[in-house]
Amino acid sequence: DIQMTQSPSTLSASVGDRVTITCRASQSISSWLAWYQQKPGKAPKVLIYKASNLEHGVPSRFSGSGSGTDFTLTISSLQPDDFATYYCQQYHTYWTFGQGTKVEIK
Amino acid sequence: QVQLVESGGGVVQPGRSLRLSCRASGFSFSNYSMHWVRQAPGKGLEWVAVVSYDGSNKYYRDSVKGRFTISRDNSKNTLYLQMNSLRAEDTAVYYCARDPNVASYGYDYFDSWGQGTLVSVSS
């Protein structure tokens, strides 16, 4: 099974900050990686697919990069609506999620 | 627009059964593979099962194999998850989610999700 490890687990930041979340796969997954945002009591929403492709309608302050085993999600300027939990997901072989990164207000 | 609405959750005793449903609208349901994903209280996301667009292929995570069955009725635009021999560790919000590709058997991300239905397994 492919394991996904995110870091950090929790991130404290302020509005306007540049935020970076990392995700590491236990084996190469090429670019078969997505990023999701989830707010309390809500379903996840896809932000990025195939490592760096922005889903339609997602603000351009979100970006993704990486390939192989190491990936990053960057929010260029954190907005109040961005405080949430973020998950990476591999879809190279079946589907596995990272444990999540909670972005909280500093 | 794409809409997925889950139902069927509730409180059930260990060892009993429950069937979840996911009613789809706003797209051609029979063209898309569909998934179940769960989230235990306060925990992360966990993929559970997938059924291909035509129902011919089904895959499960190891911990539910032999206990859960995913199925679909394309004439009713509905996805199902039959859960038998339920355990306390199956307690979670269960989401249905859609593969973004038409008539695909491959792996891909999930582009649409329902709001979830809570299953609580407790004596």
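In what follows, the structure referred to is the one given above.
Throughout, a residue's number is its position along its own chain's written sequence, starting from 1. Chain letters and ligand numbers both follow the written order, the letters beginning at A and the numbers at 1. A pLDDT threshold of at least 70 governs which residues receive local features in this predicted model, and a stricter bar of 80 or more applies before side-chain atom pairs are shown or counted, although totals over entire chains, interfaces and linings include all residues. Only hydrogens and water are removed before side-chain values are computed, so all heavy atoms of the structure are retained for them.

Comments concerning the overall build of chain A
Numbering of helices and strands runs from the N terminus, with a helix taken as a DSSP run of H or I at least four residues long and a strand as a DSSP run of E at least two residues long. Summing up its helical and strand segments, chain A has zero helices and eleven strands in all. Starting at the N terminus, the α and β elements of chain A follow one another as β-β-β-β-β-β-β-β-β-β-β. For a compact globule the rule gives 2.2 Å times the number of residues to the power 0.38, and the radius of gyration it is set against comes from C-alpha atoms. Over its C-alpha atoms chain A spans a radius of gyration of 13 Å, differing by no more than 12% from the 13 Å that the globule rule assigns to 106 residues. Projected onto the principal axes, the alpha-carbon positions of chain A cover approximately 35 × 25 × 25 Å. The buried share of chain A, taken over its 106 residues, is 45%. In what follows, a contact means two residues having at least one pair of non-hydrogen atoms within 4.5 Å. Across chain A, every contact between residues at least 6 apart in sequence was considered, and the portion connecting residues at least 24 apart equals 56%. We score Asp and Glu as negative and Lys and Arg as positive, and we do not count His or the chain ends. To locate a charge, take atom NZ for lysine, CZ for arginine, CG for aspartate or CD for glutamate. Averaging the locations of the 9 positively and 7 negatively charged side chains of chain A gives two centres separated by 3 Å. Exposure classes here rest on a 1.4 Å probe applied to the protein chains alone. A residue is buried below 20% of its type maximum, exposed above 50%, and partly exposed in between.

Structural notes on a nonpolar patch on the surface
A contiguous nonpolar patch, built from Tyr94(A), Tyr59(B) and Tyr107(B) and spanning about 270 Å² of accessible area, is present on the exposed surface. Relative to the helices and strands, Tyr107(B) resides in the loop between strand 9 (92–102) and strand 10 (112–113). The exposure class of Tyr107(B) is partly exposed, given its relative accessible area of 35%. Put simply, a patch holds well-exposed residues, over 30% relative accessible area, that have no salt bridge, with like charges counted together within 9 Å and Val, Leu, Ile, Met, Phe, Trp or Tyr side chains within 5 Å. Shrake-Rupley sampling with a 1.4 Å probe provides the accessible areas, and residues are treated as covered by the protein chains on show and by no other component. The salt bridge definition used is simple: a Lys or Arg side-chain nitrogen within 4 Å of an Asp or Glu carboxyl oxygen.

Things to note about the state of the cysteines
All names here are of chain A. When the sulfur atoms of two cysteines come within 2.5 Å, that pair is taken as a disulfide. Counted by the stated rule, this structure contains two disulfides over all chains. Note that Cys23 is cross-linked by a disulfide to Cys88, the S-S spacing being 2.1 Å. Between Cys23 and Cys88, the disulfide has an S-S torsion of 70 degrees and is therefore right-handed. Of this pair, Cys23 sits in strand 3 (residues 19–25) while Cys88 sits in strand 9 (residues 85–90), placing them 65 residues apart in sequence. Residue classification places Cys23 among the buried residues on the basis of a relative accessible area of 2%.

Brief notes about the interface of chain B and chain A
Contacts between the two partners involve 18 residues from chain B, matched on the other side by 17 residues from chain A. Once two parts are brought into contact, the accessible area they lose, counted with a 1.4 Å probe and summed over both, makes up the buried area. In this assembly, chain B packs against chain A so that about 1,700 Å² is buried in total across both faces, 66% of it on carbon and sulfur atoms. Among the residues of chain B in contact with chain A, Leu45(B), Tyr107(B) and Tyr109(B) are the three that bury the most area, contributing 44% of the side total. Counting across the chain B and chain A interface gives zero salt bridges. As used in this structure description, the phrase polar contact means that two N or O atoms lie within 3.5 Å; if the pair is within protein, one of them must be able to donate a hydrogen and the other to accept it, and residues adjacent in sequence are counted only when both atoms belong to side chains. Where chain B meets chain A, there are seven residue pairs in polar contact (both at pLDDT 80 or more). Of all the secondary structure elements, the ones that give two or more residues to the side of chain B that touches chain A are strand 4 (32–39) and strand 5 (45–51) of chain B. A total of four residues in the side of chain B that touches chain A trace back to one element, the largest contributor, which is strand 5 of chain B. Following the grouping adopted for this structure description, the nonpolar residues are Ala, Val, Leu, Ile, Met, Phe, Trp, Tyr, Cys and Pro, the charged ones are Asp, Glu, Lys and Arg, and the polar ones are all others, Gly among them. Considering only residue class, the side of chain B that touches chain A consists of ten nonpolar, four polar and four charged.

Some thoughts on the nonpolar core
Counting 27 residues, the largest nonpolar core has Trp36(B), Leu79(B), Leu81(B), Met83(B) and Tyr94(B) as its most contacted members. Listing elements by their share of this core, those giving two or more residues are strand 3 (18–25), strand 4, strand 5, strand 7 (68–73), strand 8 (78–83), strand 9 and strand 11 (117–121) of chain B. Top element by residues in this core is strand 3 of chain B. It accounts for four residues. Of all hydrophobic cores here, the second largest spans 25 residues; its members include Ile2(A), Ala13(A), Leu33(A) and Ala84(A). To form a nonpolar core, buried Ala, Val, Leu, Ile, Met, Phe, Trp, Tyr and Cys residues must be joined to one another through side-chain atoms within 4.5 Å.

A look at the pattern of salt bridges
Pairing between side chains of opposite charge can happen when their charged atoms approach one another. Inspection of the entire model under this criterion finds nine salt bridges over all chains. Because the salt bridges share partners, they merge into one network encompassing Arg38(B), Glu46(B), Arg61(B), Arg67(B) and Asp90(B).

Some thoughts on the environment of Phe97(A)
Here Phe97(A) is to be found in strand 10 (residues 96–97). On a C-alpha basis, the gap between Phe97(A) and Thr72(A) in space is 14 Å, while along the polypeptide they are 25 residues apart. Not counting the four nearest positions on each side in its chain, Phe97(A) is found in contact with Met4(A), Tyr36(A), Tyr87(A), Cys88(A), Gln89(A), Val37(B), Leu45(B), Glu46(B), Trp47(B), Phe110(B) and Trp113(B).

Geometric values such as these leave the question of function open.
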